[in-house]
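Chain by chain, the residues:
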Amino acid sequence: MGRSCDISRVTRETDINMSLELDGSGKAEIKTGIGFFDHMLNSFARHGFFDLNLLVQGDLEVDTHHTIEDTGIVLGSAIKKALGDKKSIKRYGSMILPMDETLILCAVDLSGRPYFSFDAAFTSERVGEFETEMVKEFFYAVSCAGEMNLHIRKLSGENNHHIIEGIFKAFAKALDEATMLDGRIHGVLSTKGTL
């Protein structure tokens, strides 16, 4: 209850408004101007049981880079803000997610220390209007702004749509687990006493 936030971020390149509810039901209303990106963020919300409202106005006449990267910054910031003091959260989450021929590994540690490891290659430059190289940039931005340890690895896969969608879904499932409350945890799950 109450693990939610609203965030706005305006630059010369993007104007982003987001609301995020960690303890949601997977409802999403998303408009970024990039159809495939909207589809991926809808999958993230649905499979992580996050309620996500997002409106992005970006300089798509340039390319998709600023829109996707800045959305990652805002999503990471929203996750961090919605978690608050992180008391009683599981902190860690992981998923090995199959999607047809594709198998994706994702592991998350909401440690307060950003670190990002990405091992996935693509064989096409775009899926729809979405530039495949932006998958890495998006999740790098999420991990830094969210101050999380994030590892993503493609274990197998050939279809670029499946690989990218598998990554977004695996991240959703791992993050859902990491943000769950556990009554056995008093304070935060750290020997330091802080996350």
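First, a word on what this report is: a plain description of the structure on this page. Bear in mind the structure is a predicted one, so any value in this text is a computation, not a measurement. (Residues numbered from 1 in each chain as written. Predicted model: local features only at pLDDT ≥ 70, side-chain atom pairs only at ≥ 80, totals over all residues. Heavy atoms only, no water.)

1. Considering helix 4 (residues 160–179)
Phase 1 of the analysis: A rise of 1.5 Å per residue sets the reference length of helix 4, with its 20 residues, at 28 Å; its end C-alpha atoms lie 29 Å apart and thus fit the reference within 8%.
Phase 2 of the analysis: Where burial is concerned, most of helix 4 is hidden: 17 out of the 20 residues are buried.
Phase 3 of the analysis: If you check the start of helix 4, you find a side-chain oxygen 2.9 Å away from the backbone N of H161, and it comes from N159. (Helix = DSSP H or I, 4+ residues; strand = E, 2+ residues; numbered from the N terminus. Expected span 1.5 Å × (residues − 1). Buried < 20%, exposed > 50% of the residue type's maximum accessible area, 1.4 Å probe, protein only. Polar contact = N/O pair within 3.5 Å; in protein donor to acceptor, adjacent residues only side chain to side chain.)

2. Overview of the nonpolar core
Phase 1 of the analysis: Core analysis: the biggest nonpolar cluster contains 55 residues, and V108, F139 and F171 have the highest contact counts within it.
Phase 2 of the analysis: Tallying contributions element by element places helix 4 first for this core, with 10 residues.
Phase 3 of the analysis: Each residue touching F139, except ones within four places of it in the same chain, is listed here: F116, L150, I152, I167, F168 and F171. (Core = buried A, V, L, I, M, F, W, Y, C linked by side-chain atoms within 4.5 Å. Contact = heavy atoms within 4.5 Å.)

3. Digging into unusual backbone geometry
Phase 1 of the analysis: Backbone geometry at F49 places phi at a positive 60 degrees, although glycine is not the residue there.
Phase 2 of the analysis: As for its placement among the helices and strands, F49 is situated in the loop between helix 1 (35–48) and strand 4 (51–58).
Phase 3 of the analysis: One non-glycine residue, D100, adopts positive backbone phi at about 55 degrees.
Phase 4 of the analysis: Relative to the assigned elements, D100 resides in the loop between strand 5 (92–99) and strand 6 (102–109).
Phase 5 of the analysis: For D100, a relative accessible area of 63% gives the class exposed.

4. Quick look at the sheet that holds strand 10 (residues 149–156)
Phase 1 of the analysis: Taken in spatial order, the four strands make up an open sheet running 5-6-10-7, and their pairing is mixed. The open sheet terminates on both sides in strands that have one partner only, identified here as strand 5 and strand 7 (115–119). Strand-to-strand twist of the sheet, defined as the mean angle between neighbouring strand axes without regard to direction, takes the value 10 degrees.
Phase 2 of the analysis: Strand direction decides the pairing type here: strand 5 and strand 6, joined by eight bridges, are antiparallel. Bridge assignment links I96 to a residue of strand 6, and that residue is L105.
Phase 3 of the analysis: Against the sheet, helix 3 (residues 134–145) engages strand 7 and strand 10, with an angle of about 160 degrees to strand 7.
Phase 4 of the analysis: The strands that helix 4 touches are strand 5, strand 6, strand 7 and strand 10; relative to strand 5, the one it contacts most, it runs at about 150 degrees. (Pairing = 2+ DSSP bridges. Axes fitted to C-alpha atoms, helices over the stretch in contact; angles between N-to-C directions.)

5. Details of the pattern of salt bridges
Phase 1 of the analysis: By the definition in use, this model includes eight salt bridges.
Phase 2 of the analysis: Of the charged contacts, one joins D119 and R153 as a salt bridge, the two residues approaching to 3.7 Å between their closest N and O atoms. One end of the pair, D119, is in strand 7; the other, R153, is in strand 10, with 34 residues separating them in the sequence.
Phase 3 of the analysis: By relative accessible area, D119 is classed as partly exposed at 41%.
Phase 4 of the analysis: Accessibility expressed as a relative area gives 43% for R153, which makes it partly exposed. (Salt bridge = Lys/Arg side-chain N within 4 Å of Asp/Glu carboxyl O.)

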